[in-house]
Amino acid sequence: MSMQKVVERILSDAQAEAAALISDAENKAAKRLADASAYENAVQAETETDVKAKTDSIFEKRAADARLESSKILLSEKRKTVDSVYELALLRLVALDKEDCLKLAAALLEKYAEQGDEVFFAENFKYAKEVSALPVVQKRGLSVSSTCLPLDGGMRLVGKVSDKDLSYGALLATDKDAHQADLAKELFK
């Protein structure tokens, strides 16, 4: 064999080997690129899932906060409404006509007055003289004080054993404690 053929053969083998090495390197590079791309896609999908979960959590928390705040505002407004019902009731009690006022006073004295109690009327009580003439006042031996107290209408009984606040404000406060839930249910069906 001639030298030229040997050189050509060596060059041909070297080129074939170089082509094989280049092909192998390109295959490895393509595989690494595919692996990197798959890893990138997996990390991106995981990140998107985490971000979505976190944003959903934040939105859910904000929505819960908004519902809670809304409930607080609604409850506050409902309480104001119930309070205004009792304020209106107080105004109506203070403005009772003579007949109804005397009936109410007689019923309260029958139920709560004890023998020998002293009756103190509210400053805004209009019918103190008429109440003083009720049969229950004489029957229970009640004394009527000339001193008027700053009450929300009605009267206060001062006794030897106990004092009883029969002012309209106190009576309504007691009623409110006992019936506020039922009134709210009725008002806000």
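Draft legend 1. How the structure looks around the overall build of the chain. From N to C terminus, the chain includes five helices and four strands. When the helices and strands of the chain are placed in sequence order, the string is α-α-β-α-α-β-β-β-α. For the chain, the C-alpha radius of gyration of 47 Å lies well beyond 16 Å, the compact-globule estimate for 189 residues. Projected onto the principal axes, the alpha-carbon positions of the chain cover approximately 155 × 30 × 25 Å. Of all intrachain contacts in the chain linking residues separated by at least 6 positions in sequence, the fraction that spans at least 24 positions is 77%.

Draft legend 2. Summary view of the sheet that holds strand 1 (residues 118-121). Overall, mixed pairing links the four strands, which are arranged 2-1-3-4 in an open sheet. Each edge of the sheet is formed by a strand with only one pairing partner; in this case those strands are strand 2 (143-144) and strand 4 (163-167). In terms of strand pairing, strand 1 meets strand 3 (residues 154-158) through four bridges, oriented antiparallel. Bridge pairing links Val-119 to Leu-157 in strand 3. Contacts between helix 2 (residues 98-112) and the sheet are confined to strand 1, strand 3 and strand 4, with strand 3 contributing the most and set at about 20° to the helix. Here helix 5 (residues 168-187) sits on the sheet in contact with strand 3 and strand 4, set at roughly 90° to strand 4.

Draft legend 3. Region of interest: the packing of aromatic side chains. Under the counting rule described, the total for this entry stands at one aromatic pair. Ring centres of Phe-121 and Phe-125 lie 4.9 Å apart, and the angle between their planes is 20°; on these two criteria the pair is classed as stacked. Overall, the relative accessible area of 2% leaves Phe-121 in the buried class. With relative accessibility at 10%, the residue Phe-125 sits in the buried group.

What counts as what
- Residues numbered from 1 in each chain as written.
- Predicted model: local features only at pLDDT ≥ 70, side-chain atom pairs only at ≥ 80, totals over all residues.
- Heavy atoms only, no water.
- Helix = DSSP H or I, 4+ residues; strand = E, 2+ residues; numbered from the N terminus.
- Rg over C-alpha atoms; globule rule 2.2 N^0.38 Å.
- Contact = heavy atoms within 4.5 Å.
- Pairing = 2+ DSSP bridges.
- Axes fitted to C-alpha atoms, helices over the stretch in contact; angles between N-to-C directions.
- Phe/Tyr/Trp six-rings, centres within 6.5 Å; stacked < 30°, edge-to-face > 60°.
- Buried < 20%, exposed > 50% of the residue type's maximum accessible area, 1.4 Å probe, protein only.

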